[in-house]
Amino acid sequence: MPEATYPMLRRRRRRRFRMPIALSAVLSGNRPRLLAICVLCLLVVAIGVGLAMRSPRPDARRSLADSLTTLEAGNYSAARTNAQAAVAAMPTLGIAHAVLARAYLELGDGLAAEAELARAVDAGLSADRLHQLLAHARLLQGDAEGAIDEAAAAQPRYAAYAQRIQARACVAGQAGRRTHNPADAARRRAG
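Residues numbered from 1 in each chain as written. Predicted model: local features only at pLDDT ≥ 70, side-chain atom pairs only at ≥ 80, totals over all residues. Heavy atoms only, no water.

Draft legend 1. Fine view of the layout of surface pockets. Within this model, the largest pocket holds a volume of roughly 280 Å³. In terms of lining, the largest pocket is formed by 14 residues, of which the most central are Ala98, Arg102, Gln132, Leu133 and Tyr158. Elements supplying a minimum of two residues to the lining of the largest pocket: helix 3 (60-73), helix 5 (94-107) and helix 7 (131-140). With four residues, helix 5 is the largest single contributor of residues to the lining of the largest pocket. (1 Å grid on protein atoms, 1.4 Å probe; cavity = no way out; pocket = protein on both sides within 12 Å on 5 of 7 lines; lining within 4 Å. Points joined across faces, edges and corners; volume = space filled by probe spheres on them. Helix = DSSP H or I, 4+ residues; strand = E, 2+ residues; numbered from the N terminus.)

Draft legend 2. Just helix 8 (residues 144-152), in detail. Burial of helix 8 is extensive: seven of the nine residues sit out of reach of the surface. Of the positions making up helix 8, those classed as buried are Ala144, Gly146, Ala147, Ile148, Asp149, Glu150 and Ala151. (Buried < 20%, exposed > 50% of the residue type's maximum accessible area, 1.4 Å probe, protein only.)

Draft legend 3. Fine view of the side chain of serine 67. Examined against the element boundaries, serine 67 turns out to sit in helix 3. Given the relative accessible area of 0%, serine 67 is considered buried. Non-local contacts of serine 67, meaning those with residues more than four positions away in its chain, are made with Ala79, Asn82, Ala83 and Val99. (Contact = heavy atoms within 4.5 Å.)

Draft legend 4. Spotlight on the state of the cysteines. Scanning the model with the defined rule gives zero disulfides in all. No disulfide involves cysteine 38; its sulfur sits 6.5 Å from that of cysteine 41, the nearest cysteine. Overall, cysteine 41 belongs to the partly exposed group, its relative accessible area being 45%. (Disulfide = S-S within 2.5 Å.)

Draft legend 5. Seen up close, the environment of aspartate 143. In this fold, aspartate 143 is placed in the loop between helix 7 and helix 8. Spatially, the C-alpha atom of aspartate 143 lies 8.4 Å from that of alanine 169, the residues being 26 residues apart in sequence.

Draft legend 6. Region of the structure containing helix 4 (residues 76-89). For helix 4, with 14 residues, the first-to-last C-alpha span of 20 Å sits near the 20 Å given by 1.5 Å per residue. Among the residues of helix 4, those classed as buried are Ala79, Ala83, Ala86 and Val87. Along helix 4, the residues classed as buried sweep out an arc of 95° about the axis, all on the same side. On its buried face, helix 4 sits against helix 3 and helix 5. (Expected span 1.5 Å × (residues − 1). Arc of directions from axis to C-beta.)

Here's what the structure looks like:
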């Protein structure tokens, strides 16, 4: 009797996987083209991810609010940076120029502050609101008499700030010991 062969114990031949002729021709003969397509796909995906991950354009009002917050906190350098971002985002925003001028004043740069105050007026901010800041800028530039004259023209709302600038100008000794007469200041401004 022939020996019984059990089907589970029988050795099977391994089948090799054979690609269809069309697919093997594409992979073997056109590898550079396939590689170029893959690189192009990766490039498109990378550009899409880069566009999705970029930060939004800075908002002028948000940068201005950040500038005011950092100015109140005493971080004048960050206040200047935030105000510069606000001015860059919306150059016609006069209050942003005034806040930038205030940051320059706190950093001791009177010339830059005066230039920003001029830009604020050009942008439409009332010059009456800026006399005390202009007085401070002039004091930092060494013009004590000009600082006293500008401080005298400040609105009553800003009188405390203006009086501090007048006192600093007098103490600096650059203004001499003269008493300030508002009528003289008005004549000097007019003439």
